[in-house]
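# Coordinates in review
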Amino acid sequence: LLEEQRQQSRHGDFRSAGIGRDPAFLLDTQTRGDQILWLDRGNALPAQQRYLTLLEELRQAVNRELFLGLYRLDMHAATYPPGGFYRRHLDAFRHDNLRVLSVVMYLNPCWQAGDGGALRLYLDAHPDGAFF
């Protein structure tokens with residue numbers, strides 16, 4: 001997966017990430033500074049195809065076991081330049097409750113805590129902005 005993502009990045013397939021969706025889509029460099037490539041069966045490379053298959057199997061299992069009714073799988077790859085970021089955000093669009101589950105996989109070789117970039121999950125019940 002990492003090599004495919006590097007290949008696509010070298011080919012210029014990634015685009016500056018934004019927030020919101022049409023017609024409210026906005027490139028907001030104060031909120032996020034990554035590049036993304038939305039993946040689907042039409043543009044995914046072989047390892048990405050296998051990953052999409054695994055995620056589809058997970059979607060079906062979650063529906064079967066937890067009765068969530070997830071009917072769609074959206075996947076994107078992201079790259080962050082040195083100093084890149086994605087500020088605190090909700091993983092859903094306003095007035096839309098379709099994103100019930102999110103899967104995050106890091107492909108950073110030899111990552112160490114001092115490198116930064118760790119996922120933070122904020123707890124709304126804590127007014128001080130606590131996260132884990």
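Coordinates for the structure precede this section.
The present account deals with the structure reproduced in this document. Please read these numbers as outputs of a predicted model, since none were measured by experiment.

### Regarding the packing of aromatic side chains
Inspection of the entire model under this criterion finds 0 aromatic pairs. Cation over ring: R32 sits above Y86, and NZ or CZ is 3.8 Å from the ring centre. Against the face of F85 rests R87, its NZ or CZ located 4.4 Å from the ring centre.

### Comments concerning the pairing of strand β2 (residues 35-39)
In this sheet, β2 lies alongside strand β1 (residues 15-16) in antiparallel orientation, the contact comprising 2 bridges. If you follow R15 over to β2, its bridge partner there is I36. Sheet analysis places β2 next to strand β3 (residues 75-79), joined by 5 bridges and oriented antiparallel. Directly across from I36, in β3, lies its bridge partner A78.

### A closer look at the sheet that holds β2
Read across the open sheet, the 3 strands follow the order β1-β2-β3; overall the sheet is antiparallel. Of all the strands in the sheet, just β1 and β3 have a single pairing partner and so form its edges.

### Comments concerning the pattern of salt bridges
Throughout the structure, instances matching the rule amount to 5 salt bridges. Close ionic contact of R32 with D34 constitutes a salt bridge, the shortest N to O distance being 2.8 Å. For D34, a relative accessible area of 3% gives the class buried. We note a salt bridge from E56 to R59, for which the minimum N-O separation is 2.5 Å. Placement of the pair is E56 and R59 together in helix α2 (residues 46-66), with a separation of 3 residues, close to one helical turn. Assessed through its relative accessible area of 21%, E56 is described here as partly exposed. Residue R59 is classed as buried on the basis of its relative accessible area, which comes to 16%.

Rules used throughout
Residues numbered from 1 in each chain as written. Predicted model: local features only at pLDDT ≥ 70, side-chain atom pairs only at ≥ 80, totals over all residues. Heavy atoms only, no water. Phe/Tyr/Trp six-rings, centres within 6.5 Å; stacked < 30°, edge-to-face > 60°. Lys NZ or Arg CZ within 6 Å of the ring centre and 35° of its normal. Pairing = 2+ DSSP bridges. Helix = DSSP H or I, 4+ residues; strand = E, 2+ residues; numbered from the N terminus. Salt bridge = Lys/Arg side-chain N within 4 Å of Asp/Glu carboxyl O. Buried < 20%, exposed > 50% of the residue type's maximum accessible area, 1.4 Å probe, protein only.

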